[in-house]
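# Observations on the three-dimensional arrangement
The chain contents come next:
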Amino acid sequence: MSAKASAKSSVAQLDVAQPIQLSELDARTLALLQESEGRFRRLFEEIPNIPVQGYDHHRRVIFWNHASESLYGYTAEEVLGQLIEDIIIPDSLRDQMVPLIDSWIAGGATIPSGEIQLRHKDGSLVPVFSSHVVLNNTQGQPEMYCVDLDLRDRQKAEQALRASEEKYRGIFEKITQGLFQIDATGRYISANPFLVNLLGYESADILKARLTQPQQLYVDKERYKELQIQLNTQGAVRDFESQIYRQDGSTLWVRETQTAVRDSHGDLLYYEGRLEDVTLRRQAEERLRYDAIYDKLTGLYNRAYLTEKLAQILVAETRSEQDESWAVLFVDLDRFKVINDSLGHIVGDQVLCAVAQRFQGVLRLHDVLARFGGDEFVLLLRGVNKQQDAVQVATRLLASLQKPVSVGDQTFSVKTSVGIAFGKPGYQEATEVLRDADLAMYQAKAQGGSCYRFFEQDMHPRALERLQLEHELKFALEHHQLQLVYQPIMDLATGQVGGFEALLRWQHPERGWISPTTFIPIAEETGLIQPLSWWVFQAAINQLQAWRSQLPQAEKLTMNVNLSAMQLKQENLVSYLAGMLQAAKLPGDRLKLEVTETSFLEASEFNIQIFQELKQLGVGLCIDDFGTGYSSLSRLHQLPLDVLKIDRSFVDGVEHDARKQAIAQSIVMLAHGLGAKVVAEGIETLEQQQILQQLSCEFGQGYWFSRPLTPEQVDSLLNQHGFAA
């Protein structure tokens, strides 16, 4: 024992007994007793984890080991001789504990052990398990010794355990997955709130009570059997997906994992697992599968699906697995771009859906109809025994659009062109078949549309020629090979020139003159129509201003320029024209824009706003080719019209055809009722001029007056005919 320990030992013991007389004991025996007492005292002083305290019959501290110092915070020097109630008994227990301690010490009875909270030096409470014993000292006086086991670590462990239980209970209650336990028969033992709510029940108890036949939960009973087989043979199942019923009968897709829980003998106790709602993912997968083969807009098959079907036919033919005849019909709507450009894609999409329904109505049992994109449709015909079979289907397609298509309060007369390519041994790829059917369709369009054409081998060179023409048109625009000619618009009453219509011509260095009916459609399809149209505007405005500068009497001349439907969609149209007019110092009322009847009557609210802005600029607005459109005339009163131009089809033969005269007169009356003037196109005889003049038509143009002229030829004409007032 160290010197320090010896010193503390001498302090730690308050000897209140009288010294033992040497005469009473043998000196040797006394020495042995003292040695034994010292040994056990040192043992209880130095034992590190067992706090031991001793109290005399007055409740004063007589023993306080090192472990007690650590437990209560007092050193032995601080407590020896102090009353127990002043040291470690809380004030709240003082009145209760002091009499008990006195009775225990005085009675020497067995003192009950138990948990109690005693006071630390810092005032906090220390939980201990306290055991007590009362012994008599050598003087026969009772002393109480206490062994206090520190319970703080146990309480911390219990608190941690409770926290852990609360944590995992919280996870069980709040996790967004269904957690459950089921018995060997599949009945629920427990289910967390998420699972209860997912299955549509009010509580776990109701779920357990009502779901008495677990297999009824599964839409596909075979899937339930498969689940049970895996559980029985493997003891677990992971990520098992199936469709199940909710309580209200609705269905959802779930993925579940189950594991068998067994006792120490290997006997099954229950299955525990989790269940996830994967309905949204399954729906997304279904949507992806749908989108892979169906067109989103019309619900028809898409390009990829039909192309794959066609490729399968070609492979089967190569392997001699198929000998049936087949054909491909490539279908494209005529002038659909006008609807899209004039009214926007929303209306255009509605028209496409209506057309798709019409086409579906003419399909045979095994035919496959697909939308390829835009206004293109492709029909794969199976079991075509003769050419006439394909003709009958093509004819039905054309006939399905004879009645106008209605979208909201608007009606459209939609036509289509059909190209037909028959299956033949020479085809290797689906793209070759589609290419040939597409070429045949373009030939149908070139014949005026609303018809069908069969593919012929000589169409390939024509297609290459058209592609070449596209490149040459771009070159012509960049290198000024295009020019304008001007056809006079004559005052029928005076025979004088009222204005001109600017007409585009292409003088090809090798091909010679190329008609606008040949290259304008190419320009529209390739997007060249916009730069081409701006060039036409600029050249026509500059030319009119040049005539006005050279001939003062030409101030009243007007210039008519055609406006494409694509230009109507440009937000900068008005500002662009205003800039051109300002740069040329030309009044806005000297320019008239000609818009086809279809574009005018199918104008969207945006287009109408543009027309109003053009009117504010002073620009006149004309409906070209009036009488050939396919839309309701009920919208005419909404448009700021200045001129209606009677189409040449009503002028040709008007001198001999009373019906054409009646139509022309009706158009004149309609125009005048709207406050507009009338120009008759295509006048070629004096009789036609006279009849139209009698019908109160103010202006006319045609070969009877003049063919389109170069600027130099216009100078001579102006000097010959004079100018209309």
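## So, helix α16 (residues 430-446)
Its 17 residues give α16 an end-to-end C-alpha distance of 25 Å, which sits within 8% of 24 Å, the value for a rise of 1.5 Å per residue. Buried within α16 we find Ala430, Val433, Leu434, Asp436, Ala437, Leu439, Ala440, Met441, Gln443 and Ala444. Positive backbone phi, at 110 degrees, marks Gly448, one or two positions downstream of α16.

## Focus: helix α12 (residues 303-318)
Between its first and last C-alpha, α12 extends 23 Å over 16 residues, near the 22 Å set by a 1.5 Å rise per residue. Where α12 is concerned, the buried positions are Tyr305, Leu306, Leu310, Ile313, Leu314 and Ala316. Residues of α12 that are buried make contact with α11 (279-293), β11 (301-302), β12 (326-334), β13 (368-373), β14 (376-382) and α16. Positive phi appears at Ser320, one or two residues downstream of α12, with a value of about 60 degrees.

## Examining the sheet that holds strand β3 (residues 114-119)
Pairing within the open sheet is antiparallel, and its five strands lie in the order β2-β1-β5-β4-β3. With one partner strand each, in any of the chains shown, β2 (61-64) and β3 form the two edges of the open sheet. Ignoring strand direction, the axes of neighbouring strands in this sheet form an average angle of 35 degrees. Relative to strand β5 (residues 142-150), strand β4 (residues 125-136) runs antiparallel, the two being bridged by nine bridges. Bridge assignment links His132 to a residue of β5, and that residue is Cys146.

## Digging into the confidence of the model for the chain
A low pLDDT score tells you not to read the predicted coordinates there in detail. When pLDDT is averaged along the chain, the result is 82, and 84% of the positions lie at 70 or above. The secondary structure element of the chain with the lowest average pLDDT is helix α1 (residues 3-12), at 40, and the one with the highest is strand β27 (residues 699-701), at 94. Taken together, the stretch residues 1-23 has pLDDT below 50 and engages in 32 contacts with residues farther than four places along the chain or on a different chain.

## So, the pattern of salt bridges
For the structure shown, the criterion picks out 30 salt bridges. When the shortest N-O distance is used, the salt bridge between Lys208 and Asp205 registers 3.7 Å. Linking Lys208 with Asp205, this pair stays in helix α9 (residues 204-210), spanning three residues, or about one helical turn. One salt bridge connects Lys645 with Glu501, and the closest N-O pair in it is separated by 3.1 Å.

## Considerations on the pairing of strand β25 (residues 643-646)
Neither face of β25 is open: one carries Val643 and Lys645, the other Leu644 and Ile646, and all of them are buried. When strand β24 (residues 620-626) meets β25, the two strands line up parallel, connected through three bridges. The partner of Cys622 across the bridge, within β25, is Val643. Where β25 and strand β26 (residues 677-681) come together, four bridges link them in parallel fashion. Residue Val643 lies in a different strand from β26, and its bridge partner there is Lys677.

## Re empty space enclosed by the protein
Here the structure, examined in full by the defined rule, presents two cavities of 30 Å³ or more. The space that makes up the largest cavity amounts to roughly 100 Å³. Every residue along the wall of the largest cavity is listed here: Phe180, Ile182, Gly186, Tyr188, Pro214, Leu217, Tyr218, Tyr224, Leu227, Gln228, Glu256 and Gln258. Those elements that provide at least two residues to the lining of the largest cavity are β6 (178-182), α10 (221-234) and β9 (251-262). If one sorts the elements of the lining of the largest cavity by residue count, α10 sits on top with three residues. Residue composition of the lining of the largest cavity, grouped by class: eight nonpolar, three polar and one charged.

## Let's talk about unusual backbone geometry
Located in the positive-phi region is Asp239, a residue other than glycine, with phi close to 50 degrees. Considering the arrangement of structural elements, one finds Asp239 in strand β8 (residues 236-245).

Definitions and cut-offs
- Note on numbering: residues in each chain are counted from 1, in written sequence order.
- Restriction of local features to residues with pLDDT of at least 70 applies here, the model being predicted, together with a cutoff of 80 or more for giving and counting side-chain atom pairs; totals for whole chains, interfaces and linings are based on all residues.
- Working from all heavy atoms in the structure, the side-chain values ignore hydrogens and water.
- Runs of E in the DSSP output that reach at least two residues are strands. Runs of H or I that reach at least four are helices, and both are numbered from the N terminus.
- The span one expects for a helix is its residue count, reduced by one, times 1.5 Å.
- Here's how the labels work: a residue is buried when its accessible area is under 20% of the maximum for its type, exposed when over 50%, partly exposed in between, all with a 1.4 Å probe on protein chains only.
- In what follows, residue pairs with any heavy atoms lying within 4.5 Å of each other are defined as contacts.
- Each pair of strands is called paired provided DSSP finds at least two bridges between the two strands.
- Angles here are taken between N-to-C directions and fall from 0 to 180 degrees, while the axes themselves are lines fitted to C-alpha atoms, restricted in helices to the stretch in contact.
- For every residue, the pLDDT score states the predictor's confidence, bounded by 0 at the bottom and 100 at the top.
- When a carboxyl oxygen of Asp or Glu is within 4 Å of a side-chain nitrogen of Lys or Arg, the pair counts as a salt bridge.
- Of the two site types, the cavity is a set of points on a 1 Å grid over the protein atoms alone where a 1.4 Å probe fits but cannot get out, and the pocket is an open set with protein on both sides within 12 Å along at least five of seven lines, each lined by residues with an atom within 4 Å of a point.
- Grid points are joined across faces, edges and corners, and a volume is the space filled by probe spheres set on the points.
- Three categories are distinguished: nonpolar for Ala, Val, Leu, Ile, Met, Phe, Trp, Tyr, Cys and Pro, charged for Asp, Glu, Lys and Arg, and polar for the others, with Gly belonging to the last.

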